[in-house]
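Overview (structure and organization)
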Amino acid sequence: MTLTNISQVKVFGGWHKQYTHSSTSVNSQMRFAIFLPPNATTNNPVPVLYWLSGLTCSDENFMQKAGAFKVAAELGIAIVAADTSPRGDDVADDVSYDLGQGAGFYVNATQAPWATHYQMYDYIVDELPNLIEQHFPVSQVKSISGHSMGGHGALTIGLKNPSRYQSISAFSPISNPMVCPWGQRAFRAYLGNDKDAWKHYDACELLKSAQSTLPILVDQGDGDSFLTEQLKPENLIAAAHLHQSPLEMRMQSGYDHSYFFISSFIEAHLHFHHQHLFKM
Ligand SMILES: N[C@@H](CCC(=O)N[C@@H](CSC=O)C(=O)NCC(=O)O)C(=O)O
């Protein structure tokens, strides 16, 4: 698979680079960004934190706003930021910000017109890590994190694939998409009306049926304007409680839904993942 490098810049002794490539799973051109810490070499492959962003985002929001590079460089962790959907003139879209391009919800769509390209679950779980491990000085050891729609993606992908990841974290995740407007709209479009199909992509439903899970850290601002209607962290806590799943939910006083919040706590998330990425 050919990667095309479209930018590279040195930061905190490491490198931030963007690439485009032709994706077989989503059947379109895709772009991602990678941060490589200074100690990443062929002789010293480093573990990777995969970052999934929220509605309206691309690979750039996290990389430009989260302030993650200094600590990732110190800890020797690579970070890969994916796009949030397939893109392009021939890719189905919607006029609203919460469906279509920029809003792929990290599922494999089964419904027309979305199913042709919206296979973001396969892209994130299989295709992107395979590409990253083939082309960069990284190991197969990985963890996953994300924000809002990307927090939902990190939780569901981590919970469904406990052997592939070491740890999961999320900022302000859409915790129970089956019962909130953002999730219901996306799942109805991408997955159809059968709610049994929705359960495979709902973190609360996955926790309810989980016997054991990876360690999970969630930070949620109590000043978040989406908290009550869309995010529902109390449902995640209740679902984790059923089987004593290892969830640490931290309510953070006064913080909103923005990248100001993410940048305030990203250091703690990197340390949390470091503890699990390097325990082997
Ligand atoms: N445009 C919408 C809200 C869009 C928004 O807030 N997007 C968030 C993620 S929300 C959940 O997935 C985001 O990360 N935006 C990008 C950023 O850089 O802040 C509206 O106006 O309500």
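The model shown is predicted, which means the values in this text are computed figures rather than measured ones.

**Details of the environment of Asp-126**
In this structure, Asp-126 sits in helix α3 (residues 120-135). On the basis of neighbour counts, which here come to 15 C-beta atoms within 10 Å, the residue Asp-126 falls in the partly exposed class. When the C-alpha atoms of Asp-126 and Ser-25 are compared, they prove to be 8.9 Å apart, with 101 residues separating the residues in sequence.

**Digging into unusual backbone geometry**
Across the junction of Ala-112 and Pro-113, the peptide omega takes the value 0°, indicating a cis bond. One non-glycine residue, Phe-12, lies in positive phi territory at about 50°. Looking at Phe-12, the number of C-beta atoms within 10 Å reads 16, which means it is partly exposed. Residue Ser-148 is not a glycine yet carries a positive backbone phi of 60°. Here Ser-148 is to be found in the loop between β6 (138-147) and α4 (149-160). Exposure remark for Ser-148: the 25 C-beta atoms within 10 Å place this residue in the buried category.

**Things to note about the UniProt feature "active site" (unreviewed entry) in the protein**
UniProt's entry tags Ser-148, Asp-224 and His-257 with the feature "active site" (unreviewed entry), counted in the numbering of this structure. In terms of the greatest pairwise C-alpha distance, the residues named above, spread along 110 residues, form a tight cluster of at most 10.9 Å across. The residues touching Ser-148, leaving out its near neighbours within four places in the chain, are Gly-54, Leu-55, Ser-172, Pro-173, Ile-174 and His-257. By the secondary structure assignment, Asp-224 is in the loop between β8 (216-221) and α8 (227-231). Of the residues examined, Asp-224 has 21 C-beta atoms within 10 Å and is grouped as buried. Excluding residues within four positions of it along the chain, Asp-224 makes contact with Ser-172, Leu-231, Asp-256 and His-257.

**A word on the environment of Gly-67**
Within the fold, Gly-67 resides in the loop between α1 (60-65) and α2 (69-75). When the C-alpha positions of Gly-67 and Ala-115 are compared, they lie 35 Å apart, and in sequence the two are 48 residues distant. Not counting residues within four places of it along the chain, the set of residues in contact with Gly-67 comprises Ser-263 and Ile-266.

**Details of the sheet that holds strand β9 (residues 247-252)**
Spatially, β1-β2-β3-β5-β4-β6-β7-β8-β9 is the arrangement adopted by the nine strands of the open sheet, whose pairing is mixed. Either end of the sheet is taken by a strand with one partner, and the two such strands are β1 (3-11) and β9. Sheet twist, expressed as the mean angle between neighbouring strand axes with direction ignored, is 20°. Along the sheet, helix α9 (residues 233-242) contacts β8 and β9; its crossing angle with β9, the most-contacted strand, is approximately 155°. Sitting on the sheet, helix α10 (residues 259-277) touches β4 (46-52), β6, β7 (168-171), β8 and β9, and the angle it makes with β6 is about 145°.

**Topic: the site of the ligand**
Near the ligand lie 13 residues; those nearest to it are Gly-54, Leu-55, Asn-61, Ser-148 and Met-149. For the shell around the ligand, the residue count by class is five nonpolar, seven polar and one charged.

**Some thoughts on the nonpolar core**
The nonpolar side chains of soluble globular proteins are, as a tendency, buried together. Counting 84 residues, the largest nonpolar core has Ala-78, Ile-79, Val-80, Ile-124 and Tyr-190 as the members making the most contacts within it. For Ile-124, the residues in contact, after removing those within four places along its chain, are Leu-52, Ala-82, Tyr-106, Gly-153 and Ile-157.

**Quick word on the environment of Cys-180**
Structurally, Cys-180 is set in the loop between β7 and α5 (181-191). Residues Cys-180 and Glu-229 lie 49 residues apart in sequence; the distance between their C-alpha atoms is 6.4 Å. Ignoring anything within four residues of it in the chain, the contact list for Cys-180 reads Ile-174, Glu-229, Gln-230 and Lys-232.

What counts as what
- Residues numbered from 1 in each chain as written.
- Predicted model: local features only at pLDDT ≥ 70, side-chain atom pairs only at ≥ 80, totals over all residues.
- Helix = DSSP H or I, 4+ residues; strand = E, 2+ residues; numbered from the N terminus.
- Buried ≥ 20, exposed ≤ 12 C-beta atoms within 10 Å, placed from the backbone.
- UniProt positions renumbered as here; feature names shortened; annotations may be inferred.
- Contact = placed C-beta atoms within 7 Å.
- Pairing = 2+ DSSP bridges.
- Axes fitted to C-alpha atoms, helices over the stretch in contact; angles between N-to-C directions.
- Near = placed C-beta within 6 Å.
- Nonpolar A, V, L, I, M, F, W, Y, C, P; charged D, E, K, R; others polar.
- Core = buried A, V, L, I, M, F, W, Y, C linked by C-beta atoms within 7 Å.

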